[in-house]
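Letter by letter, the chains look like this.
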Amino acid sequence: MPSLEDLPFSQPVGTCEVNIDALVGPSHHFGGLAVGNLASMSHAQSPSNPRAAALQGLEKAWRVARLGIPQVVLPCQQRPHRAWLASIGCDGTLGESLEQAWRLGPRWLSVAYSSSSMWMANAATVSPSADSGDGRLHLSVANLTSGMHRQLEPPETESLLREWLGSAGIVHAPLPACWPLRDEGAANHTRLGSDLDRPGVQVFVHGDAANDQLETQEVATRRFPTRQAWAACRAIALRHRLDSERTLMFQQSPRAIDAGVFHNDVIAVGHRDTWVMHEQAVVAPDESIRQLSAAYLAATGHSLRVIVIPDSVLSLNEAVRSYFFNSQWLTNERGKWRVLFPEHCADSSEASKAIDLLREAIPELVGIDFVPVDQSMANGGGPACLRLRVIMTSAERQQTSTAGWLTDSRYRRLVELVRTRYRDRLTLDDLRDESFARSCMSISEEARRILGFHTLGDNDSEEGP
């Protein structure tokens, strides 16, 4: 296992942004389980390519690391989730539990095999130590209550984040798993501030209306349910000890949600001193921009750069199809910006016009890259969905464990694991195969070993994990 001194970012470089990705699992498939996610729903039951999905994710993460930006990779979670199968009555040997779930219906087996932990933007909400009242780095693991398949992730996510973070900060357990406190992590949260060492502004976006009565919900959507609760945003702000003057909460546009904008990061993105949003991203956009600009000026002493993309340039439907806003924004040590867009944007005339607007408005933006993430996109996740941003001081980085940090050796070993052991075609019917299930569990353990995390034990046992 490498020491932190062996890693390319180990020299003191001050406070910087760390990107955390997760290895796409060997059971990556198209189950169509995410209600409100048009890509996921439209690709349901199509054959997937787990090998390509994992290689695309690793290449994106390694691209970031090569820019000199600290990069962490978490192992894929163990699937199939045998404890969940047992909880719905599918117990016995591994083969028996798989067959019982299949007889219930392919959807049940799809849940047990879900590889949705690959989308780290939903893993947690992060507040840097500069923003918190106790001066500590805070991560709140998302409960992901709104999706049956995603509710399987939080326990292992919490364990992995705790092991990686060490004494560098606080990892909070998920909020209680109930509908009024449904939380889907950083996909609905943005931290703004050009100086990472000084307090910034934290923006939470929720789908329901602000309401202190937890037993009720005001919803204006007609087609899809809302997936982030105002009460959850408020609870996270409290547990992270955030200053109320520097914490804003906006309601997501019901029209956008019904158009397939299931998370805010599909319709808006923030980076350093810049907020880029579609004109239909939130309720009362003009008032929201006014409040955000005033709060940013009061917190930092500087003006916030707000770039509104009009519907006449990039329609709501094309924003969802191209995932223009779900781009990954990066700043290198020289202060230059680079943005990773999904390849879909290169083929979209509307997205190209919106990119031109960004080039004109942001002098620091020196690089635009189009990255292949089509396997993730087919399930509704672009480059930004695949990563969690964590602002960390040099001291905090030194207090983490050595697990997870992406090195050249770890990258090469993960690529070899994927190339030699992942399938290049997977259908729902394949999930019934006991040998495939054992292969998935073995791969998860090997990924843990490569990345320096504790292993879970003997997966060949007929008992559940």
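Because the structure is predicted, anything quoted here is derived from the model rather than measured.

Student: Where do I start with the confidence of the model for the protein in this structure?
Tutor: The predicted coordinates should not be examined in detail at positions where pLDDT is low. Taken over all residues, the pLDDT of the protein has a mean of 92, while the share at 70 or more is 94%. Contacts of residues 458-465 to residues separated by more than four positions or lying in other chains number 18 contacts, the stretch itself having pLDDT below 50.

Student: Teacher, can you tell me more about the layout of surface pockets here?
Tutor: Gaps left between atoms are located by rolling a probe of water-molecule size over the structure's atoms. Taken as a whole, the largest pocket encloses approximately 350 Å³ of empty space. Along its surface, the largest pocket is lined by 20 residues, and Cys16, Arg272, Thr331, Asn332 and Glu333 are the ones closest to its centre. No other element matches the 3 residues that strand 1 (residues 16-22) contributes to the lining of the largest pocket. Each residue belonging to the lining of the largest pocket can be placed in one class, and the counts come to 9 nonpolar, 7 polar and 4 charged. Approximately 200 Å³ is the volume attributed to the second largest pocket. Considering the residues around the second largest pocket, the lining is formed by 17 residues, among which Ala39, Val320, Arg321, Tyr323 and Met377 are closest to the centre.

Student: Can you walk me through the sheet that holds strand 1 in this structure?
Tutor: Hydrogen bonds between backbone atoms are what pair the strands of a sheet, whose relative direction is either parallel or antiparallel. The sheet built from 3 strands is open, its strands ordered 2-1-15 with mixed pairing. Each edge of the open sheet carries a strand with a single partner, namely strand 2 (71-74) and strand 15 (388-392). Adjacent strand axes in the sheet meet at a mean angle of 30 degrees, parallel and antiparallel pairs treated alike. As paired strands, strand 1 and strand 2 are joined by 4 bridges and run parallel to one another. Within strand 2, the residue paired with Ala22 across the bridge is Leu74.

Student: When you look at helix 6 (residues 154-165) in this model, what are you seeing that I'm missing?
Tutor: The α-helix advances 3.6 residues per turn, and as a result positions three or four apart in sequence lie on the same side. The first and last C-alpha atoms of helix 6 sit 16 Å apart over 12 residues, in line with the 16 Å expected at 1.5 Å per residue. Where burial is concerned, most of helix 6 is hidden: 9 out of the 12 residues are buried. Pro154, Glu156, Thr157, Glu158, Leu160, Leu161, Glu163, Trp164 and Leu165 are the residues of helix 6 that are buried. Where helix 6 ends, the next residue or the one after it, Gly166, has phi of about 60 degrees, a positive value.

What counts and how
- Residues numbered from 1 in each chain as written.
- Predicted model: local features only at pLDDT ≥ 70, side-chain atom pairs only at ≥ 80, totals over all residues.
- Heavy atoms only, no water.
- pLDDT = per-residue confidence, 0-100.
- Contact = heavy atoms within 4.5 Å.
- 1 Å grid on protein atoms, 1.4 Å probe; cavity = no way out; pocket = protein on both sides within 12 Å on 5 of 7 lines; lining within 4 Å.
- Points joined across faces, edges and corners; volume = space filled by probe spheres on them.
- Helix = DSSP H or I, 4+ residues; strand = E, 2+ residues; numbered from the N terminus.
- Nonpolar A, V, L, I, M, F, W, Y, C, P; charged D, E, K, R; others polar.
- Pairing = 2+ DSSP bridges.
- Axes fitted to C-alpha atoms, helices over the stretch in contact; angles between N-to-C directions.
- Expected span 1.5 Å × (residues − 1).
- Buried < 20%, exposed > 50% of the residue type's maximum accessible area, 1.4 Å probe, protein only.

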